[in-house]
Amino acid sequence: MPHLPDHLLAGYRNFMNGRYLTESGRYRELAREGQAPETMIVACCDSRSAPEAIFDAGPGELFVLRNVGNLVPPYEPDGEFHSTSAALEFAVQSLKVKNIVVMGHGRCGGIRAALDTNAAPLSPGDFIGKWMSLIAPAAETVSASTFMTATERQTALERISIRYSLANLRTFPCVSILETKGRLSLHGAWFDISTGELWVMNKETGDFERPVLE
Ligand SMILES: [Zn+2]
């Protein structure tokens, strides 16, 4: 007998009776025509920072990649397993998205792990340690700042890592070429889970600011 946890089945029932019913035409159209999202979001796996919820997006609107700490690694065509780069390649080359948003969030466990280098690995593989070592230089610099509180260090690294990922995005030839041609825009954002505030990166200064909402 097929089985899923009860809360998932209950949620699915609600989805079919609610959102799917309301948007069934859209789902059928998407099935027929294929997806054509204009925006890719790189977000964290954290269950509290779901892009579809934060941006109130319907089916087919967002191409979402989630990984621990919403990091984009540098361009490394070395034949290894690069799931983030694969999603990026598909979004840019096949879907031809117009925007890529790297969205970090407050209280990120991945970022906390990058700051806490004394913590023991969660498993012998230490996959998180290896993955978060992408931002090790920035983490070391931020950790060394005794003028900041632990919370300030955490927020600082969350935002620095977004700028780092944006810089890495530009190491992918397909991204930098399209950005130069004006066909692709890169953006940074940071979501504060406790207040729901969204902070958006200013392209000129790199600072994070509250957007003016209509
Ligand atoms: Zn996170």
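Since the model is a prediction, treat every value here as computed from it, not as a measurement.

Cut-off values and rules
- Residues numbered from 1 in each chain as written.
- Predicted model: local features only at pLDDT ≥ 70, side-chain atom pairs only at ≥ 80, totals over all residues.
- Heavy atoms only, no water.
- Patch = residues over 30% accessible without salt bridge, like charges linked within 9 Å, V, L, I, M, F, W, Y side chains within 5 Å.
- Areas by Shrake-Rupley, 256 points an atom, 1.4 Å probe, with all protein chains shown as cover.
- Salt bridge = Lys/Arg side-chain N within 4 Å of Asp/Glu carboxyl O.
- Helix = DSSP H or I, 4+ residues; strand = E, 2+ residues; numbered from the N terminus.
- Buried < 20%, exposed > 50% of the residue type's maximum accessible area, 1.4 Å probe, protein only.
- Pairing = 2+ DSSP bridges.
- Contact = heavy atoms within 4.5 Å.
- Axes fitted to C-alpha atoms, helices over the stretch in contact; angles between N-to-C directions.
- Phe/Tyr/Trp six-rings, centres within 6.5 Å; stacked < 30°, edge-to-face > 60°.
- Lys NZ or Arg CZ within 6 Å of the ring centre and 35° of its normal.

Where nonpolar side chains cluster on the molecular surface, the patch consists of L4, L8 and L9 and spans about 250 Å² of accessible area. One can find L9 in helix α1 (residues 6-17). Given a relative accessible area of 39%, L9 falls into the partly exposed group.

An order of β2-β1-β3-β4-β5-β6 is seen for the six strands of this open sheet, with the pairing classed as mixed. Both outer strands of the open sheet, β2 (62-67) and β6 (208-209), are each paired with one neighbouring strand and no more. Relative to the sheet, helix α5 (residues 83-94) contacts β1 (39-44), β2 and β3 (99-105), its axis offset from that of β2 by approximately 170°.

What follows is about the packing of aromatic side chains. Per the stated rule, a full pass over the model turns up six aromatic pairs. With centroids separated by 4.9 Å and ring planes inclined at 35°, the aromatic side chains of Y20 and Y27 adopt a geometry described as tilted. With centroids separated by 5.9 Å and ring planes inclined at 45°, the aromatic side chains of F63 and F90 adopt a geometry described as tilted. On the criterion of sequence distance, the pair formed by F63 in strand β2 and F90 in helix α5 is long-range, its members being 27 residues apart. Of the residues examined, F63 reaches a relative accessible area of 15% and is grouped as buried. Look at F90 and you get partly exposed, because its relative accessible area is 38%. Site record: aromatic cluster; members linked through ring pairs are Y12, F15, Y20 and Y27. Seen from the ring of W190, R159 lies directly overhead, with NZ or CZ sitting 4.3 Å from the centre. For the cation-ring pair, R159 lies above W199, with the distance from its terminal atom to the ring centre recorded as 4.8 Å.

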